[in-house]
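Architecture and fold: a report
Listed below, chain by chain, are the residues.
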Amino acid sequence: SQKWVLMVTAQTPTNIAVIKYWGKRDEKLILPVNDSISVTLDPAHLCTTTTVSVSPTFDQDRMWLNGEEISISGGRFQSCLREIRSRATDVDDKEKGIKITKKDWEKLHVHISSYNNFPTAAGLASSAAGFACLVFALGKLMNVKEDHSQLSAIARQGSGSACRSLYGGFVKWIMGKDDKGTDSLAVQLADEKHWDELVIVIAVVSSRQKETSSTTGMRDTVETSLLLQHRAKEVVPKRILKMEEAIKNRDFASFAQLTCTDSNQFHAVCLDTCPPIFYMNDTSHRQAPIISLVEKWNRAEGTPQVAYTFDAGPNAVLIARNRETAALLIQKLLFCFPPNSDADLNSFVLGDKSILK
Ligand code: PMV
């Protein structure tokens, strides 16, 4: 009969860059100007859950995000759909008695339903989890045989940072050399068990949508910032090597120093853009006290205890060297964010499911 529906559900966590991606050398293919490195959060928190379904009764591709239908006519969605469809293979689901051939996939339409368990577009990399999950789920549905790295090169065309969410643990997005983007993909540097003492604390200071989209921001930066050119050519390549070493050796002092410095340089590059981009929009009230708190604490201890990093939004991501430090950090953060403030403190433990709060 023609009444069948085949469904796949996947869950993908977001990732936080410790060496930032900022600036594209090709906007359409989403090819970056430098390599980047990130930490993928535990899938239990900050993740996207996506169900993709196919049925001969569907007459067009459609998508719902957090329950509301959104348009997928844009280039990014279309690139991901096209790339996955072109790799679809035969499906033979004996249990349900459903057979789909490679040829059938060209005509069949999909419905996509996606939920974020965190604020969308508030600089918490919702598009990273979203596109990674979409590509992964579609790949499963269409029986695509490509490995995670090859899938990452497809997710990259949805949102650059999405390519890093195909893996857990520590992930590097290699910028690649070729101008078609086939070698611009993610590889896993170490899995989630490698350094599971680390605890990530996220202060959700504001769930407002960010004012400058990363696409517009990056375009302005690439066109106007000399500091970006220096960063991409001279700074990041060396930093990437040092960060890989720090991760391999679980060297928190180097890890923290590189993470904080790179976050600060990313925001410096934003300020060096014309017109300037202020992602730390509430700096004097929110971010500056967190940065000073961490800097003072690390200096007083003689060796770093906590690293901070800020993305394209005001929320603070803090990485504590272990659980005891994370507990202390949350107490200290309460001075910046008293319980009656609008901020929401959450901690996410890498590698296992426990939450401190
Ligand atoms: O993937 P996009 O276009 O959302 O860009 C993300 C950029 C940063 O989050 C600021 C840095 C990064 O490497 O994730």
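Residues numbered from 1 in each chain as written. Predicted model: local features only at pLDDT ≥ 70, side-chain atom pairs only at ≥ 80, totals over all residues.

**Overview of the overall build of the protein**
From N to C terminus, the protein includes 9 helices and 17 strands. Considering the protein as a whole, with its 357 residues, one finds that 47% of them fall into the buried category. (Helix = DSSP H or I, 4+ residues; strand = E, 2+ residues; numbered from the N terminus. Buried ≥ 20, exposed ≤ 12 C-beta atoms within 10 Å, placed from the backbone.)

**Focus on helix α5 (residues 214-224)**
All of the buried residues along α5 are S214, G217, M218 and T221. Angular distribution of buried residues about the axis of α5 spans 95°; they occupy a single face of the element. In α5, the exposed positions that point more than 90 degrees away from the buried face belong to T216 and E223. Buried residues in α5 make contact with β3 (24-26), α6 (226-248) and α7 (252-271). (Arc of directions from axis to C-beta. Contact = placed C-beta atoms within 7 Å.)

**Some thoughts on the sheet that holds strand β7 (residues 62-65)**
In a beta sheet, neighbouring strands pair by backbone hydrogen bonds and run either parallel or antiparallel. The strand order across the open sheet formed by 5 strands is β1-β6-β11-β7-β8, and the pairing between neighbours is mixed. In this open sheet, the two strands that pair with only one neighbour each are β1 (6-13) and β8 (68-70). When strand polarity is set aside, the average angle formed by the axes of neighbouring strands in this sheet is 25°. Two elements, β1 and strand β6 (residues 47-55), share 8 bridges in a ladder whose sense is antiparallel. Each residue of the ladder has a partner; that of L6, found in β6, is V54. (Pairing = 2+ DSSP bridges. Axes fitted to C-alpha atoms, helices over the stretch in contact; angles between N-to-C directions.)

**Looking at the pairing of β6**
Two strands pair when backbone bridges link them, and β6 and strand β11 (residues 109-116) are joined in this way by 8 bridges, in the antiparallel orientation. When the bridges of β11 are listed, V54 appears paired with V110.

**As for the site of the ligand**
The immediate surroundings of the ligand are formed by 14 residues, with A17, Y21, G160, S161 and S214 found nearest. Across the shell around the ligand, the residue classes break down as 6 nonpolar, 6 polar and 2 charged. Counting residues domain by domain, the shell around the ligand receives three or more from each of domain 1 (6-190) and domain 2 (199-349). (Near = placed C-beta within 6 Å. Nonpolar A, V, L, I, M, F, W, Y, C, P; charged D, E, K, R; others polar. Domains from an automatic or database assignment.)

**Points about the sheet that holds strand β12 (residues 170-174)**
Spatially, β2-β5-β12-β13 is the arrangement adopted by the 4 strands of the open sheet, whose pairing is antiparallel. What marks the edges here is a single partner per strand, and that holds for β2 (15-19) and β13 (185-190). Each adjacent strand pair in this sheet contributes to an overall mean axis angle of 35°, direction not counted. Judged from the 4 bridges that link them, strand β5 (residues 36-40) and β12 form a sheet pairing that is antiparallel.

**Some points on the confidence of the model for the protein**
Across the protein, the average pLDDT comes to 90, with 89% of residues at or above 70. In this model, residues 349-357 is a region of pLDDT below 50 whose contacts with residues beyond four sequence positions or in other chains number 24 contacts. Quick note on the complex model: pTM equals 0.93, ipTM equals 0.99. (pLDDT = per-residue confidence, 0-100.)

**Concerning the nonpolar core**
In this structure, A132, V135 and V201 are the most contacted members of the largest nonpolar core, which totals 95 residues. Among the elements that take part in this core, helix α3 (residues 126-141) stands out by supplying 11 residues, more than any other. When we break this core down by domain, the ones giving at least three residues each are domain 1 (6-190) and domain 2 (199-349). In this structure, A132 is in contact with T12, A155, A162, S165 and L166, ignoring residues within four places of it in sequence. (Core = buried A, V, L, I, M, F, W, Y, C linked by C-beta atoms within 7 Å.)

**Side note on the domain arrangement of the protein**
It is common to report an interface's size as the accessible area lost on association of the parts. Under the domain assignment used here, the protein contains domain 1 (6-190) and domain 2 (199-349). Here the C-alpha centroids of domain 1 and domain 2 sit 26 Å apart.

**As for the environment of E27**
Mapped onto the elements, E27 comes out in the loop between β3 and β4 (31-32). Considered as a pair, E27 and L226 are 199 residues apart in the sequence and their alpha carbons are 19 Å apart.

**A few points about the environment of R231**
Here R231 shows up in helix α6. Given 24 C-beta atoms within a 10 Å radius, R231 is considered buried. Once the C-alpha coordinates of R231 and C260 are considered, the two residues, 29 residues apart in sequence, prove to be 15 Å apart. Contact partners of R231, with chain neighbours within four places excluded, come to V236, Q265 and V269.

**Structural notes on unusual backbone geometry**
Note the cis peptide between C274 and P275, where omega equals -5°. Its place among the elements puts P275 in the loop between α7 and α8 (287-301). Positive phi is not limited to glycine here, since N66 has a value of about 50°. Relative to the helices and strands, N66 is located in the loop between β7 and β8.

**Digging into the packing of α6 against α7**
Direction vectors running N to C along α6 and α7 enclose 160°, while the axes themselves pass 10 Å from each other. Our classification of the angle between α6 and α7 gives roughly antiparallel. Regarding α6 and α7, the two cross each other, and that crossing is left-handed. Contacts from L227, L228, R231, V235, R239, K242, M243, A246 and I247 in α6 reach S254, F255, L258, D262, Q265, A268 and V269 in α7. (Parallel < 35°, antiparallel > 145°, perpendicular 65-115°, else oblique. Left-handed = near helix turned anticlockwise from the far one by under 90°.)

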